[in-house]
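Examining the three-dimensional arrangement
Here's the letter readout for the chains.
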Amino acid sequence: MDIKFCLLRTSLALVTMEAGGLPLELWRMILAYLHLPDLGRCSLVCRAWYELILSLDSTRWRQLCLGCTECRHPNWPNQPDVEPESWREAFKQHYLASKTWTKNALDLESSVCFSLFRRRRERRTLSVGPGHEFDSLGSALAMASLYDRIVLFPGVYEEQGEIILKVPVEIVGQGKLGEVALLASIDQHCSTTRLCNLVFMPAWFSPIMYKTTSGHVQFDNCNFENGHIQVHGPGTCQVKFCTFKNTHIFLHNVPLCVLENCEFVGSENNSVTVEGHPSADKNWAYKYLLGLIKSSPTFLPTEDSDFLMSLDLESRDQAWSPKTCDIVIEGSQSPTSPASSSPKPGSKAGSQEAEVGSDGERVAQTPDSSDGGLSPSGEDEDEDQLMYRLSYQVQGPRPVLGGSFLGPPLPGASIQLPSCLVLNSLQQELQKDKEAMALANSVQGCLIRKCLFRDGKGGVFVCSHGRAKMEGNIFRNLTYAVRCIHNSKIIMLRNDIYRCRASGIFLRLEGGGLIAGNNIYHNAEAGVDIRKKSNPLILCNQIHHGLRSGIVVLGNGKGIIRNNQIFSNKEAGIYILYHGNPIVSGNHIFKGRAAGIAVNENGKGLITENVIRENQWGGVDIRRGGIPVLRSNLICFGYSDGVVVGDEGKGLIEGNTIYANKGCGVWMMSSSLPHVTSNHVSYNGLYGVAVFSQKDGSSELPRGHRAQENFSEDGDAILWETELEKEDDPLRRPITIALVESNSINHNGASGLYVQSSEALHVITNVIHANGDRGITVAQSSQPTRVANNSISCNRQSGVKVEAQCKVELRGNGIYDNRGHGIITKGDSTIVIENDIIGNRGSGLQLLPRSDTKVIKNRIHSFRAYGIAVRGRAKALVQENIIFQGKTNKTIFQQISNNRECVMQNNKFLVFKKKSDTWRLVNPPARPHLETSLRRPSAAHNGQKVTAMATRITARVEGGYHSNRSVFCTIL
């Protein structure tokens, strides 16, 4: 019996659908035999029928969708094994798209006068093939009328001349795809055409397989081999479920073109070229294509599903989850934790007295204590031995990012990031940036989505003011994925780009646009390459495991690089050189095999609020004229130095937290002129800040920082220098002397500041606290080193040590509670003026043989030793100082009796009289006077002020950091 008749007889029973009716499973089995028109009619019967038809999604609708010869799997070619959310919706979208080419027929009929009195002509079907009505496509076209359907039966059809389409027709191949091959060159002169289920090959006389200049062409489920397709504006095209083998699509001034679910394989050049600004003259199909795009599912993220967060990184990086706000500390021991509790060789076990080290420097051997009081009282002496109290305050470390970065890093612990450093989702970023949201929603020129580009030379080439939008595509095993040049704009959303033999995305000559939510990895060159005034917005991408850098900006390239995850690249995560000047903010750059960010060869850039961690080389590497602004970043857990300022490096390094790197916090080399200000440098394995001269010419760079590498297409990177701009940047105020200013340098493994330089240096208004060696060590300083208004306290050895032949001026510093001497000097030109040198365990000031020192207007005290100790034939002028007496068995001043080169003038000695005596530092108050010194623009930027601490902080650090080179340079 006919199934339709059965359905009509039982329709009433189904309408009532009561408990006694047929089961729903049986009705689904019956309806599974209906064709598409019958399903549509049944869904209009009633609400119950409509819901029943919808319930057939995984059965009948799936069969209809996969059985259609005009389309393929909805997720082909990228995810053919993944079922769509709704088979019915996927079939509906394809069905509507397949009818776009006929939309102008309605417009044409409605515009004809007396259309109501005309009899509508039925579409004819013309058959072509052996034994059919026509033998060739050309003969069928000669007889075709408007919107006729021409069916090509299996076979190979070779046209000897160019075919000109003069009337709108539909050309369809019969049977399976591949059974009908058409060797022809077609030139469309009509308003619309559709071609389906065909294999196109070029004719013998022309590589152009299809061309249109004004009309609309639609390709469905076709294969194109070894030829060209050309569409010129105001022409439009719509291509779906097609395969292009070594075929080039050229789009010139097209107002709108849609390529969906297509595969591009083995191209010898670009697979798709989009050239010229979209034409302002639009054909009839433009509005229908735009409506079709807007009605289809969007690729923009939602609150519930964000592509940026969908990639599971656990398999690549067990310590990192993009959803977390924490950083997990790996390893068994922090870089500044004590290696052993055993005493140093040569010391007496359990001794609590200060021992005399090399050069007469006192080194305290007492065990570390918890943070205690400010004065030595109650620390290692009995109360009956204390004959006085001295009131003063120690400047402690300043919080920058909160408590997580004030304590030592504990292995396995999790550090909470402040909200300003947590990655946002793409949806959150677009909601904050309305301009980016508008750009992401715009459609102009060519739309390419859900396509696969593989195993060829180039993917998409956009040039000469072209516009292209790419969504959800895969680019793999190409020379490059996307190139954007000559004032063109691209929008790239949620694409996968990997295993390119050159850069993944390449922008030059003022290219721009939006690159957001993409997964870019395993490329041979940079993931994104920005040059020659290009200025894209790079947002919420994952750029990782590249064989070179993640992002390269050079040759006056610009751009905004924001909220990306850049990790595990072989070279620098972001490389800026040759006057590149991007804005880099809010990124997480980690686990790179070179520097996190490298600024080289006159590169610039504003680098702010990034998390740069666990990189093999410096977190940020600046050299050879690099002059960035590095502000408010977290640079931590690196395997070398936090910030490296190499030869001729410059720039402003301000307000950063440089924490727990295994090398130095900041490493500065010769001829560098950075301004290092308002940073929190703590718990680094070696020096907090190290300044070294490298005049021996050994300036070789590690892999990842090589300036001679090939960054230009023509193989000559130096050509960029001919096109550089000279820009005045108000963020970079020029300085002529390296400046270390207003930093908190604390709890580092070696000296807080180490200077071995032949160039001038200013060290001003810093807090240098609780470091594992001296507060400041000046090992070499042939040019003046000025140390002014610093708080130097609680360091494991002396507060300041000046080696022989050094020129140092110490002025206005507060040097408190260090475990060695306050100041020890062998320098031949040392000026110590207006300092407070109080409460140190060794002598307040120790002058070693052959030193030449001026000691003027200081307040000096040592609890256990001498206020001033002059060793050997030291030359000194000691004038107008106030010197407090310490223990009863020590004198205030010690010198060799026959040393006539030590001149004492107008000094004031304060000797205790009774046990309750209290001396206070007044007129002026305790130094340094930081409140006044910090009222300058650089420090005020972050609103950070050094506050007096009521307690002193002791450091538990690993000893033995006496190397004169950082990890970075030792490896070299």
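Residues numbered from 1 in each chain as written. Predicted model: local features only at pLDDT ≥ 70, side-chain atom pairs only at ≥ 80, totals over all residues. Heavy atoms only, no water.

**Looking at the overall build of the protein**
In plain terms, the rule: Secondary structure elements follow DSSP: runs of H or I no shorter than four residues count as helices, runs of E no shorter than two count as strands, and numbering proceeds from the N terminus. Buried means the residue's accessible area, taken with a 1.4 Å probe over protein chains only, is under 20% of the maximum for its type, while exposed means over 50%, and partly exposed covers the values in between. Two residues form a contact once any of their heavy atoms are found within 4.5 Å. The Shrake-Rupley method, run with a 1.4 Å probe, gives the accessible areas here. Residue values count only the displayed protein chains as cover.
A count of helices and strands for the protein gives 16 helices and 81 strands. Residue burial in the protein is summarised as follows: out of 972 residues, 59% are buried. Taking contacts inside the protein between residues at least 6 apart in sequence as the whole, the part at least 24 apart equals 56%. Within the structure as shown, the protein displays about 38,600 Å² of accessible surface, and the carbon and sulfur contribution to it stands at 51%.

**Some details on the side chain of N495**
Put simply, the rule reads: Two N or O atoms form a polar contact when they lie within 3.5 Å of each other; inside protein one atom must be a possible hydrogen donor and the other a possible acceptor, and for residues adjacent in sequence the pair counts only when both atoms belong to side chains.
Position of N495 relative to the elements: it lies in the loop between β30 (489–493) and β31 (496–498). A polar contact is formed between the side chain of N495 and the backbone nitrogen of N473, at a distance of 2.9 Å. When sequence neighbours within four positions are dropped, the list of residues in contact with N495 reads M470, E471, G472, N473, F475, G517, N518 and N519.

**Focus: the confidence of the model for the protein**
We count it as follows: As a per-residue measure, pLDDT reflects the predictor's confidence and takes values from 0 up to 100.
When pLDDT is averaged along the protein, the result is 79; 73% of the residues meet or exceed 70. The secondary-structure element of the protein with the lowest mean pLDDT is strand β81 (residues 948–949), recorded at 28, while strand β34 (residues 519–521) shows the highest, at 98. Counted against residues more than four places away or in other chains, residues 12–20, with its pLDDT under 50, gives seven contacts. Scored below 50 in pLDDT, residues 696–728 makes 78 contacts in the model with residues more than four places away or belonging to other chains.

**Digging into the packing of aromatic side chains**
Test applied: Ring pairs are drawn from Phe, Tyr and Trp, using the six-membered ring of Trp, whenever the two centres fall within 6.5 Å, and their geometry is named by plane angle: stacked under 30 degrees, edge-to-face over 60, tilted for the rest. Geometrically, a charge over a ring is one whose NZ (Lys) or CZ (Arg) sits within 6 Å of the ring centre while staying within 35 degrees of the ring normal.
This model, assessed by the stated rule, comprises 18 aromatic pairs. On the numbers, 5.3 Å between centres and 20° between planes, the contact of F692 with Y754 is stacked. Remark: Y754 occurs in strand β59 (residues 753–757) and F692 occurs in strand β56 (residues 689–692); sequence separation between them is 62 residues. Residue class for F692 comes out buried when judged on its relative accessible area of 2%. Here Y754 falls in the buried class, since its relative accessible area comes to 6%. Taken together, F200, Y210, F219, F224, F244, F264, F453 and F475 form an aromatic cluster joined through their ring pairs. We note K282 situated over the ring of Y286; from NZ or CZ to the ring centre the distance is 5.1 Å. Above the ring of F590, the side-chain terminus of R613 is found at 4.5 Å from the ring centroid.

**Comments concerning the environment of L52**
The topology assignment puts L52 in helix α5 (residues 47–54). Separated by ten residues in sequence, L52 and C42 have C-alpha atoms that sit 9.3 Å apart.

**Re the pattern of salt bridges**
Put simply, the test is: Throughout this description, the term salt bridge denotes a Lys or Arg side-chain nitrogen within 4 Å of a carboxyl oxygen of Asp or Glu.
Per the stated rule, a full pass over the model turns up 25 salt bridges. Here E170 ties to R149 by a salt bridge, and the two come within 3.2 Å at their closest N and O atoms. Taken together, the residues E170 in strand β5 (residues 169–173) and R149 in strand β2 (residues 148–152) connect sequence positions 21 residues apart. Here the salt bridges do not stand alone but share partners, grouping R123, R149, E170, R194 and D220 into one network.

**Examining unusual backbone geometry**
Generally, phi is negative for residues other than glycine and the peptide bonds are trans, each holding for most cases. Backbone torsion omega between W76 and P77 reads 5°, so that peptide bond is classified as cis. Tracing the chain through its elements places P77 in the loop between α6 (57–67) and α7 (87–98). Of note, the amide linkage connecting R927 to P928 takes the cis form, showing an omega dihedral of 0°. With respect to the helices and strands, the residue P928 is situated in the loop between β80 (918–920) and α14 (930–933). Notably, E609 is not glycine yet its phi reads approximately 55°, a positive angle. In this fold, E609 is placed in the loop between β45 (606–608) and β46 (611–613). On the accessibility criterion, E609 (34% relative accessible area) is partly exposed.

**Things to note about the pairing of strand β66 (residues 807–811)**
Applicable threshold: Pairing between strands requires that DSSP locate at least two bridges from one strand to the other.
Alignment of strand β63 (residues 785–788) against β66, held across four bridges, turns out to be parallel. Bridging from a neighbouring strand, A788 pairs with R811 of β66. Looking at chain direction, β66 and strand β69 (residues 829–833) are connected through five bridges and run parallel. The partner of V808 across the bridge, within β69, is T830.

**A look at helix α10 (residues 286–295)**
As a reminder, the rule being used: Along the arc lie the directions from the helix axis toward the C-beta atoms.
Of the residues making up α10, those classed as buried are Y286, L289, L290, L292 and I293. One face of α10 carries all of its buried residues, which in axial projection span an arc of 160°. The exposed residues of α10 that point more than 90 degrees off its buried face are K287 and K294.

**Notes on helix α13 (residues 434–441)**
Buried within α13 we find A436, M437 and A440. Buried residues of α13 fall within an arc of 100° about the axis and therefore sit on the same side. For α13, exposure combined with an orientation more than 90 degrees from the buried face picks out K434 and E435. In this structure, the buried residues of α13 make contact with α12 (426–432), β28 (467–471), β30, β33 (512–516) and β36 (535–539). The opening residue of α13, the one whose side-chain oxygen lies 3.2 Å from the backbone nitrogen of E435, is D433.

**A look at the state of the cysteines**
Spelled out, the test is: By convention in this document, the label disulfide applies to cysteine sulfur atom pairs within 2.5 Å.
As enumerated under the stated definition, the model contains zero disulfides in all. C222 provides the cysteine sulfur closest to C196, a residue in no disulfide bond, and the two sulfurs are 5.9 Å apart.

**Some words on the pairing of strand β1 (residues 125–128)**
Sheet topology note: the β1/β2 ladder contains four bridges and is parallel. Paired with S127 across the two strands is V151, which belongs to β2.

**Regarding the side chain of D496**
Examined against the element boundaries, D496 turns out to sit in strand β31. The exposure class assigned to D496 is buried, which follows from its relative accessible area of 19%. Only 3.3 Å separates the side chain of D496 from the side chain of N519, close enough to count as a polar contact.

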